[in-house]
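Observations on the model geometry
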Amino acid sequence: MAIPADAELLLDFMREYYAFDGHHYDREPARKALLGLLTNSAFGFVWLILDSGTPVGYVAFCFGYSLEYLGRDAFIDEFYLIPSHRGRGWGRKTLDFVVEEARQHDVRAIHLEVVRRNVAALEFYRKLGFRDHGHHLMSLRVPS
C-alpha cells in the first residue's frame, strides 16, 4: 500500500497517466487529493505496482456505497502501468489483487471508467468480466 512518502512518485505517474488519457493535470491540487486518500483509509487505498521492487505503475481504489449494488462498492479511480509493462500480464495480476482486496473489505461491486477511444483497455476489462451497462457517467464539479 502506498504511503504519503510515495506521493512524489505517484504524482509523476499521475502526470503520465493524465497525459495518456487526455486529462488536465495540475500537480498541487492533485497532491492535496492524493494525500487525502493516502492518509485516510476510509476513502480507499493506493497501491504501487512493483516489478522486482521497481515501481511500474499504481492503482487507486476508492470506496463508496450503493443501494443498487446492495452495499459497499468501490471505484478503480485510476490504474496506470508504464508502457513497457502493458500487455504482459501485469494488468491482470493487478486486478486479481484488487478483486481480492475488495473481498477483504466487503465490497459488493467494483466500477471503473475507460476513455472510449482506449479500445485496448475496453477489451481488457471486458475479458476480466467488467460490463458496460449502457449508462452515462455524468459528473458535476462542486466548487470549494
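Scroll up to find the structure.
On a predicted model such as this, the values are computed, not experimentally measured, just so you know. (Residues numbered from 1 in each chain as written. Predicted model: local features only at pLDDT ≥ 70, side-chain atom pairs only at ≥ 80, totals over all residues. Heavy atoms only, no water.)

1. With respect to the sheet that holds strand 1 (residues 44–51)
The strand order across the open sheet built from four strands is 1-2-3-4, with neighbouring strands paired in mixed fashion. Single-partner strands in this sheet number two, and they are strand 1 and strand 4 (109–112). In this sheet, neighbouring strand axes are inclined to one another by 30° on average, regardless of whether the strands run parallel or antiparallel. Sheet topology note: the strand 1/strand 2 (residues 54–66) ladder contains eight bridges and is antiparallel. Counted as the bridge partner of Leu 50 is Pro 55 from strand 2. Contacts from helix 1 (residues 7–21) reach strand 1, strand 2 and strand 3 (71–81), with the element oriented near 80° to strand 2. (Pairing = 2+ DSSP bridges. Helix = DSSP H or I, 4+ residues; strand = E, 2+ residues; numbered from the N terminus. Axes fitted to C-alpha atoms, helices over the stretch in contact; angles between N-to-C directions. Contact = heavy atoms within 4.5 Å.)

2. Observations regarding the environment of Arg 27
Along the polypeptide, Arg 27 turns up in helix 2 (residues 27–38). For Arg 27, a relative accessible area of 21% translates into the label partly exposed. Linking Arg 27 and Leu 11, residues 16 residues apart in sequence, is a C-alpha distance of 7.0 Å. Residues in contact with Arg 27, not counting those within four places in the same chain, are Glu 8, Leu 11, Asp 12 and Arg 15. In this structure the side chain of Arg 27 is engaged in a polar contact, spanning 3.2 Å, whose partner is the side chain of Tyr 25. (Buried < 20%, exposed > 50% of the residue type's maximum accessible area, 1.4 Å probe, protein only. Polar contact = N/O pair within 3.5 Å; in protein donor to acceptor, adjacent residues only side chain to side chain.)

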